[in-house]
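The lines below spell out each chain.
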Amino acid sequence: MTAVLGAGISGLSAAYYMLQRFGYPATIYEASNRVGGWIRTERHRDKGFLFEVGPRTIRPKGIPGANTLQLIEELNLPVDPIKSWQPAAKNRMIYAKGQLCLLPNSLSGIFKTLPPFSKPLISQIKQDLTAGKRKLKFADESIYDFVERRFGTELATYAISPMICGICAGDAKEISVRFLMNDLFEKEQKWGGIIKGVIFEKLFGKNEKPVSTGIFEEAMPKLYDKARQEKWSMYRVPDGIETLPRTLRDHLQSKEIDIQFSAECREITFTRDGAKMNIKGRDIYPEHIISSIPSYKLATCVKNQHPSLAALLTSIPYVDVAVVNLQYNVQELFKMKAFGFLVPPIERLPILGVIFDSCCFDMEGNTILTVMMGGRWFEENFGKDPTPKQLLDTASQHLELVMGIKEEPRFSRVHVLKKCIPQYTVGHKQRVADIRRYINQYKLPISLCGAAYDGVGINDVILSARTQVESLNISEV
C-alpha cells in the first residue's frame with residue numbers, strides 16, 4: 001500500500017497520478033475534516049457572490065499550467081477564463097508615494113515616465129547592458145539584490161518587492177532569485193547579462209537541441225492550446241477554486257480510493273520493508289509514503305528516528321497571512337477596473353494588497369474585495385494573536401486611506417492562515433536538494449511534494465505531485 005499524507009490539492013493529485021500510473025489506489029490521510037488545504041471557497045449563492053480565502057485564479061502558463069489544464073480536462077470541469085485584454089488581466093496597480101499607480105501594461109508604457117518611477121523603465125532596463133556579472137559563492141542571491149544589480153533600485157523596490165508580497169507574502173530582500181527568475185539568473189551567470197543572454201541564445205541556439213516539453217512531448221493538452229489561442233491570462237472553475245479539489249475528491253472516491261479525515265500522522269518510523277505510521281493511536285504499515293504536508297509537520301513525524309532530516313525540513317520558514325473578505329451591496333463602489341493593487345514594503349503599511357474580486361468575475365451586483373495582510377511582517381504589525389475585529393478595522397481603515405471607501409461592508413469574514421506559505425529564502429534550492437539527497441542516501445521509502453519544495457502555486461504543487469509519482473518504480477509502491 002502507498003499512503004498519501006495530506007488531502008490538499010497536491011496530495012489529491014498524487015493519489016490521482018498514482019491511480020493513473022499504477023492502476024491501483026493509495027490511501028489518503030488528512031488531518032482536518034475537509035479536502036483542499038489552503039484552497040477554501042465560501043459560497044453565498046442566495047446573494048450571488050463568493051469569498052475566496054486562498055488562491056482564486058490559475059494561470060495557464062508553461063508546462064505547469066498545461067499540466068493543470070490537462071487534469072481539469074480529464075475531470076470534465078468547465079472553466080471561466082479572463083482574457084489578456086480584459087481589465088482584470090491588463091491592469092495591475094501598486095500603492096506608492098501616497099497614490100495608486102497603474103503599472104505599465106503595454107510596450108509603449110516602458111518608454112514613458114509613470115509614477116512611482118522617476119524615469120522610463122526602458123532606461124532602467126538598459127542598465128543591464130553595463131552591469132557586470134557577480135560571482136556568487138552559493139550560486140544564489142535575493143531576488144531584490146539581483147534586480148537591483150541588473151536594473152536599479154526603483155524597479156526592485158516598486159515592481160519586484162510588491163510582486164513577491166502578492167505571490168508568497170514574503171520579503172524580496174530574503175526570497176531567492178531562483179524562486180521566480182531562475183532562467184534570467186542562469187542567463188546572467190552564463191553570458192554576463194540578461195539581455196546579452198537572450199540575444200546570444202537566439203543567435204547561437206540553432207545548434208542546440210530543442211527544449212523538450214517533457215510530459216507533453218507528443219502533444220499539448222487541447223485546453224492548453226485553446227487557452228493560448230484565446231489568450232487567457234488566468235481562469236477559475238465554476239463556484240470558486242475549491243470546486244477543483246472537491247471534484248478531484250469525488251473522482252478518487254468513485255475509484256475506491258479511501259480518504260480518511262481527522263487522521264493526522266503523529267510519527268513515522270522507517271523499516272526494512274517500508275514504514276510505520278502512527279495515526280490516531282494505531283499503526284499503519286505502508287510500503288511507500290508520499291508526503292504533501294508542510295515540511296515542518298513532516299519534521300515532527302520523523303524527528304525521533306531522523307533528527308538530521310527533521311532539521312533540514314524545519315529550515316524552510318513559513319509565514320502567517322490574514323485574509324479579510326468584504327461584501328458591499330453596491331455595484332460601482334469605485335471606478336478603478338483592475339485585478340487589484342499591491343503595497344511595496346517600503347511604504348510600511350500593514351496590508352500586502354487588495355484584490356478586486358468583483359472586477360475579475362461577475363458577483364451579481366455586489367462589490368467584493370479581499371484584503372491580504374501580514375506575511376513576513378505579521379507579528380511586527382499585529383502581534384502574535386490579533387482579534388478578528390482588529391484585523392477587520394485595519395482592513396477598513398486602509399481601504400479608506402488608499403481607495404477612499406468609507407462605506408461599511410454589509411458582510412465580512414476574517415481568517416488568519418497560520419504558517420500557510422513557505423518562504424523560498426536564499427539557498428532554498430540547495431536546502432531541497434539536501435533533503436532529497438538525505439532521503440536517497442538512506443533509501444527512505446518516502447517522496448515529497450507540495451508547496452514546500454517545488455513552487456507555491458496551484459500549478460506548481462500539482463506538477464510536483466505528478467513528477468514525484470512518475471519517478472517511482474512499481475517495486476517501490
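Anyway, here's the lowdown on the structure attached to this text. Along each chain, numbering runs from 1 in the same order as the chain's sequence is written. Predicted model: local features are reported for residues with pLDDT of at least 70 only, side-chain atom pairs are reported and counted for 80 or more only, and whole-chain, interface and lining totals are derived from all residues. As a convention, hydrogens and water are excluded, and side-chain values are obtained from all of the structure's heavy atoms.

## Overview of the environment of Trp232
Then step 1. Secondary structure follows DSSP: runs of H or I at least 4 residues long count as helices, runs of E at least 2 residues long count as strands, and numbering of each begins at the N terminus. Topologically, Trp232 is positioned in strand S8 (residues 232-236).
Then step 2. As for Trp232 and Asp80, which are separated by 152 residues in sequence, their C-alpha atoms are 9.8 Å apart.
Then step 3. Any two residues whose heavy atoms approach within 4.5 Å at even a single point are treated as in contact. If we ignore the near neighbours within four places in the chain, the residues touching Trp232 are Pro60, Lys61, Leu69, Val79, Pro81, Ile82, Lys83, Leu223, Lys226 and Ala227.
Then step 4. One polar contact links Trp232 to Glu230, side chain to side chain, over a distance of 2.9 Å. Throughout this description, a polar contact denotes any pair of N or O atoms lying within 3.5 Å of each other; where both atoms belong to protein, one of them has to be capable of donating a hydrogen while the other can accept it, and for residues adjacent in sequence the pair is counted only when both atoms sit in side chains.

## A short note on the sheet that holds strand S9 (residues 259-260)
The strands making up a sheet are joined through hydrogen bonds of the backbone, oriented either antiparallel or parallel.
Then step 1. Pairing in this open sheet of 5 strands is parallel, and the strands run S9-S2-S1-S13-S19 from one edge to the other. Sheet topology places S9 and strand S19 (446-448) at the edges, where each strand pairs with a single neighbour.
Then step 2. Pairing between strands requires that DSSP locate at least two bridges from one strand to the other. The pairing of strand S13 (residues 288-291) with S19 spans 3 bridges and is parallel. Counterpart to Ile289 in the pairing with S19 is Ile446.

## Some words on the packing of aromatic side chains
Then step 1. Two rings from Phe, Tyr or Trp (for Trp, the six-membered ring) form a pair when their centres sit within 6.5 Å of each other. Planes less than 30 degrees apart are called stacked, planes more than 60 degrees apart edge-to-face, and all others tilted. On inspection of all chains with the given rule, the structure shows 13 aromatic pairs.
Then step 2. With a centroid separation of 6.5 Å and 90° between ring planes, the pair formed by Phe117 and Tyr158 is classed as edge-to-face. Linking Phe117 in the loop between strand S7 (99-102) and helix H4 (121-125) with Tyr158 in helix H7 (residues 153-168), this pair joins segments that are 41 residues apart in sequence. Tyr158 matches Phe117 in its accessibility class, with the two residues each being buried.
Then step 3. Taken together, the ring pairs in this structure connect Phe49, Phe51 and Phe411 into an aromatic cluster. When a residue's accessible area, from a 1.4 Å probe over protein chains only, is under 20% of the maximum for its type it is buried; when over 50% it is exposed; and in between it is partly exposed.

## Concerning the nonpolar core
Then step 1. For our purposes a nonpolar core is just a set of buried Ala, Val, Leu, Ile, Met, Phe, Trp, Tyr and Cys residues, chained together by side-chain atoms within 4.5 Å. Judged by nonpolar contacts, the single largest core of 46 residues is most densely connected at Ile143, Val147 and Ile164.
Then step 2. Elements represented by at least two residues in this core include exactly helix H3 (87-90), strand S6 (92-96), helix H6 (143-151), H7, strand S14 (318-328), strand S16 (351-356) and strand S18 (411-422).
Then step 3. Setting aside residues up to four positions removed in sequence, Val147 forms contacts with Gly152, Leu155, Ala156, Ile160 and Met181.

## Points about unusual backbone geometry
Then step 1. Cis peptide bonds are those with omega within 30 degrees of zero, and the linkage from Pro115 to Pro116 qualifies with 10°.
Then step 2. Inspection of the secondary structure assignment puts Pro116 in the loop between S7 and H4.
Then step 3. Here Asn76, not a glycine, exhibits a phi torsion of approximately 60°, which is positive.
Then step 4. Mapped onto the elements, Asn76 comes out in the loop between helix H2 (62-74) and strand S5 (80-83).

## Section: the side chain of Arg150
Then step 1. By the secondary structure assignment, Arg150 is in helix H6.
Then step 2. Arg150 sits in the buried class, given a relative accessible area of 0%.
Then step 3. A polar atom in the side chain of Arg150 sits 3.5 Å from the backbone oxygen of Gly192.
Then step 4. With residues up to four places along the chain from it excluded, the contact list for Arg150 reads Gln124, Gln127, Asp128, Ala131, Gly132, Lys133, Glu188, Gly192, Gly193 and Ile194.

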